Amino acid sequence: MTTVLVHEPDASRYALYIDGELAALADYRVRGDTVSFNHTFTDRRRRGQGLAGQVVTFAMDDVEASGGLAVSPDCWYVAKWFDKHPERANLLAVRG
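In this text, all values refer to a predicted model and were calculated from it rather than measured experimentally. (Residues numbered from 1 in each chain as written. Predicted model: local features only at pLDDT ≥ 70, side-chain atom pairs only at ≥ 80, totals over all residues. Heavy atoms only, no water.)

J.: Which parts of the structure should I look at to understand unusual backbone geometry?
T.: Most peptide bonds are trans, and most residues other than glycine sit at a negative phi. At Ser-12, a residue that is not glycine, the phi angle is positive and equals roughly 55°. Topologically, Ser-12 is positioned in the loop between strand S1 (3-8) and strand S2 (13-18). Ser-12 sits in the partly exposed class, given a relative accessible area of 28%. A positive phi is found at Asp-19, a non-glycine position, where the angle reads about 50°. Structurally, Asp-19 can be placed in the loop between S2 and strand S3 (21-31). (Helix = DSSP H or I, 4+ residues; strand = E, 2+ residues; numbered from the N terminus. Buried < 20%, exposed > 50% of the residue type's maximum accessible area, 1.4 Å probe, protein only.)

Put into structure tokens, the structure is as follows:
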């Protein structure tokens, strides 16, 4: 089984493929200096395996490495991910 995590900027998403098949993704939109993660998806057959968590972790690592953008967790799953990873709160956009 081959697992590949990729950033697909033309599709505005981060994706996880298993044996070439899309298994999970995190969609986003860039708005100024903030990247809004607004949707996550895991293939029904692959739910419960932690794949969404893997793709969100990959996305946050990439956003952090790129620098300059804050994260707005507009998807409930991404917000929940931040609740479980308070050490990554430095990535969050401050809402006024």
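J.: Help me out: how do you make sense of the packing of helix H1 (residues 51-66) against helix H2 (residues 76-84) in this one?
T.: When two helices pack together, their arrangement is captured by the angle between the axes and the distance separating the axes. Interaxial distance between H1 and H2 falls to 11 Å at its minimum, and their mutual angle equals 75°. Here H1 is positioned roughly perpendicular relative to H2, judged by the angle of their axes. Between H1 and H2, the residues in contact are Ala-52, Gly-53, Val-56, Thr-57 and Met-60 and Tyr-77, Val-78, Trp-81 and Phe-82, respectively. A breakdown of the residues in the contact of H1 with H2 according to their chemical character gives seven nonpolar, two polar and no charged. (Axes fitted to C-alpha atoms, helices over the stretch in contact; angles between N-to-C directions. Parallel < 35°, antiparallel > 145°, perpendicular 65-115°, else oblique. Contact = heavy atoms within 4.5 Å. Nonpolar A, V, L, I, M, F, W, Y, C, P; charged D, E, K, R; others polar.)

J.: Any chance you could explain H1 here in plain terms?
T.: Residue pairs spaced three or four apart in an α-helix point in one direction, given the helix's 3.6 residues per turn. With 16 residues, H1 should reach 22 Å at 1.5 Å per residue; the first-to-last C-alpha distance of 23 Å fits that figure. Contact partners of the buried residues in H1: S1, S2, S3, strand S4 (34-42), strand S5 (70-73) and H2. Gly-67 sits one or two residues past H1 and shows a positive phi near 70°. (Expected span 1.5 Å × (residues − 1).)

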